[in-house]
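Observations on the three-dimensional arrangement
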Amino acid sequence: MDLVRHLGYFLVVTEELHFGNAAARLGMAQPPLSQRIRRLEEELGVRLFERSSRRVALTEAGRLLVPEAREIVARVERMRDLMSDLARGDAAVVRAGVPADLGAAVLAALIAGFRDRRPDVRLSLTEMGTAAQVAALLEGRLDVGLLRHPVAANGLAYGPVLVRHPGVLLAEADELTAWAAVHLGDLAGRDLVLFPRDAEPGLYDDTLTSCRRGGFVPTEIICTDRVEFSLGLVLSGTAVAFGAPAEVPGVVWRPLAGAPLAWRCSPAWRAEPGPYVRDFTTVAVEVLKQSAGMVDEGVPPAPRVTPRPATGFLA
């Protein structure tokens, strides 16, 4: 017996609750359909339908079988689609955009997590700032992205918003390293290394607004998306930067008192997400929480005693 095909017949009957209508949908006569349902019942050893001259109703066993049957049939259909794509040299691909400073460890965890969840789908990652990701999503060049908020874009849907409260990176010789936490106002008179505005316009403006509100107006803003260049400027003592701890000799990380900066990030996609986009979103949220120290929006930042080494602003 072809179990998957018989389960497909079963699902059509559950939707119609009428053997005649179900047979018409399937393009077959009613007697053969009834015979196939009986064979399925014999195979499973249970009655799936209560039949009478007036109505057809699912038994308790039939109701329990419905979600299982749907999952089995869907999985087989996905497998057939995948094999068909492979035969044409066109395997399933998810095109995802990620920030340039995501960090090596976080990026590796994201790739590994998606591979574990969907080994049948290839993940194609592209480094892009939020502005470029928005354009690519709206134009159909990306399936999903990791965007930083605030974002002004119509036509996109968003996954869970996660938040990171960055600290400040200082040269080891900076007098502020003597303190357990640094106030924004304590940074007055220093240059600031920040990501380019054209890549992250919303977050760039939001960060500088928070700085001014906290009493820090940078003497100069140096924009770069290169982590090594940013850390070099900090190491030289000519500037400070916001972000996560960096495992670089001579650079010291301190939390900002009161967590005045909130860097928000969420997965985003255009229109209704497909199953692969949902899988990417699930993995990305898990990885950003576990490997990048992000938390759900509204959750207060956890106290940090020992800085955790990292390699990127988000890591």
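All of these numbers come straight from a predicted model, not from anything done at the bench.

1. Things to note about the overall build of the protein chain
In terms of helices and strands, the protein chain carries nine helices and 14 strands. Relative to the compact-globule value of 20 Å for 315 residues, the protein chain shows a C-alpha radius of gyration of 27 Å, a clear excess of over 25%. Once the C-alpha set of the protein chain is aligned to its principal axes, its extents read approximately 90 × 40 × 35 Å. Burial analysis of the protein chain (315 residues in total) assigns 43% to the buried set. Here the contacts in the protein chain between residues at least 6 apart in sequence split such that 71% fall between residues at least 24 apart. With the model as given, the accessible surface of the protein chain reaches about 16100 Å², and the carbon-plus-sulfur share is 52%. Computing the positive centroid from 35 side-chain charges and the negative centroid from 38, the protein chain places the two 8 Å apart.

2. Examining unusual backbone geometry
Phi is mostly negative for residues that are not glycine, and the peptide bonds are mostly trans. The peptide bond linking H149 to P150 adopts the cis configuration, its omega dihedral lying at 5°. Mapped onto the elements, P150 comes out in the loop between strand 5 (144–149) and strand 6 (156–158). Unusually for a residue other than glycine, L17 sits at a positive phi of about 50°. Looking at the element boundaries, L17 is found in the loop between helix 1 (3–16) and helix 2 (19–26). Residue L17 is classed as partly exposed on the basis of its relative accessible area of 38%. The phi angle at A259 is positive, at roughly 45°, despite the residue not being glycine. Tracing the backbone through its elements, the reader meets A259 in the loop between strand 12 (251–254) and strand 13 (263–270).

3. Some thoughts on the pairing of strand 4 (residues 122–127)
Of the strand pairs in this sheet, strand 3 (residues 93–98) and strand 4 are connected by six bridges, and their pairing is parallel. Counted as the bridge partner of V93 is R122 from strand 4. In this fold, strand 3 hands off to helix 5 (residues 104–117), which returns the chain to strand 4; that crossover is right-handed.

4. A look at the layout of surface pockets
Considering only enclosed or pocket space, the second largest pocket measures out at about 160 Å³ in volume. L17, H18, F19, G20, Q30, S34, R38, R51, S52, R54, R55 and V56 together form the lining of the second largest pocket. It is helix 3 (residues 30–44) that contributes the most residues to the lining of the second largest pocket, three residues altogether. The residue makeup of the lining of the second largest pocket, split by class, is three nonpolar, five polar and four charged.

5. A closer look at the packing of aromatic side chains
Each aromatic ring pair is described using two quantities: the centre-to-centre distance and the angle formed by the ring planes. Under the criterion given, the structure shown has five aromatic pairs. Considering the side-chain rings of F19 and F49, the 5.9 Å spacing of their centres and the 70° angle between planes classify their relative orientation as edge-to-face. Of this pair, F19 sits in helix 2 while F49 sits in strand 1 (residues 49–51), placing them 30 residues apart in sequence. Residue classification places F19 among the buried residues on the basis of a relative accessible area of 7%. An aromatic cluster is present here, built from F10, F19 and F49 joined pairwise through their rings. One Lys or Arg, R148, reaches over the ring of F195 and ends 5.6 Å from the middle of that ring.

6. Details of the nonpolar core
By size, the foremost hydrophobic cluster in this structure holds 24 residues, and its most contacted members are L110, V144, L146, F280 and L288. Elements with a contribution of two residues or more to this core: strand 3, helix 5, strand 5, strand 13 and helix 9 (275–291). If one sorts the elements of this core by residue count, helix 9 sits on top with seven residues.

7. Digging into the confidence of the model for the protein chain
For the protein chain, mean pLDDT is 88; residues scoring 70 or higher make up 91% of the total. Within the protein chain, the element-level pLDDT minimum falls on helix 4 (residues 60–87), averaging 81, and the maximum on strand 8 (residues 167–171), averaging 97. In the model, residues 304–315 has pLDDT below 50 throughout and makes 49 contacts with residues more than four positions away in sequence or in other chains.

8. Focus: the side chain of S210
Tracing the backbone through its elements, the reader meets S210 in helix 7 (residues 201–213). The class of S210 is buried, set by a relative accessible area of 11%.

9. Digging into the side chain of R190
Structurally, the position occupied by R190 is in the loop between strand 8 and strand 9 (191–194). A distance of 3.1 Å separates the side chain of R190 from the backbone oxygen of D186, its partner in a polar contact. Setting aside residues no more than four positions away along its own chain, R190 makes contact with D174, E175, L176, F216, P218, T219 and V240.

Cut-offs applied
Residues numbered from 1 in each chain as written. Predicted model: local features only at pLDDT ≥ 70, side-chain atom pairs only at ≥ 80, totals over all residues. Heavy atoms only, no water. Helix = DSSP H or I, 4+ residues; strand = E, 2+ residues; numbered from the N terminus. Rg over C-alpha atoms; globule rule 2.2 N^0.38 Å. Buried < 20%, exposed > 50% of the residue type's maximum accessible area, 1.4 Å probe, protein only. Contact = heavy atoms within 4.5 Å. Areas by Shrake-Rupley, 256 points an atom, 1.4 Å probe, with all protein chains shown as cover. Lys, Arg positive; Asp, Glu negative; His and termini not counted. Charge placed at Lys NZ, Arg CZ, Asp CG, Glu CD. Pairing = 2+ DSSP bridges. Right-handed = clockwise from strand over helix to strand, strands pointing away. 1 Å grid on protein atoms, 1.4 Å probe; cavity = no way out; pocket = protein on both sides within 12 Å on 5 of 7 lines; lining within 4 Å. Points joined across faces, edges and corners; volume = space filled by probe spheres on them. Nonpolar A, V, L, I, M, F, W, Y, C, P; charged D, E, K, R; others polar. Phe/Tyr/Trp six-rings, centres within 6.5 Å; stacked < 30°, edge-to-face > 60°. Lys NZ or Arg CZ within 6 Å of the ring centre and 35° of its normal. Core = buried A, V, L, I, M, F, W, Y, C linked by side-chain atoms within 4.5 Å. pLDDT = per-residue confidence, 0-100. Polar contact = N/O pair within 3.5 Å; in protein donor to acceptor, adjacent residues only side chain to side chain.

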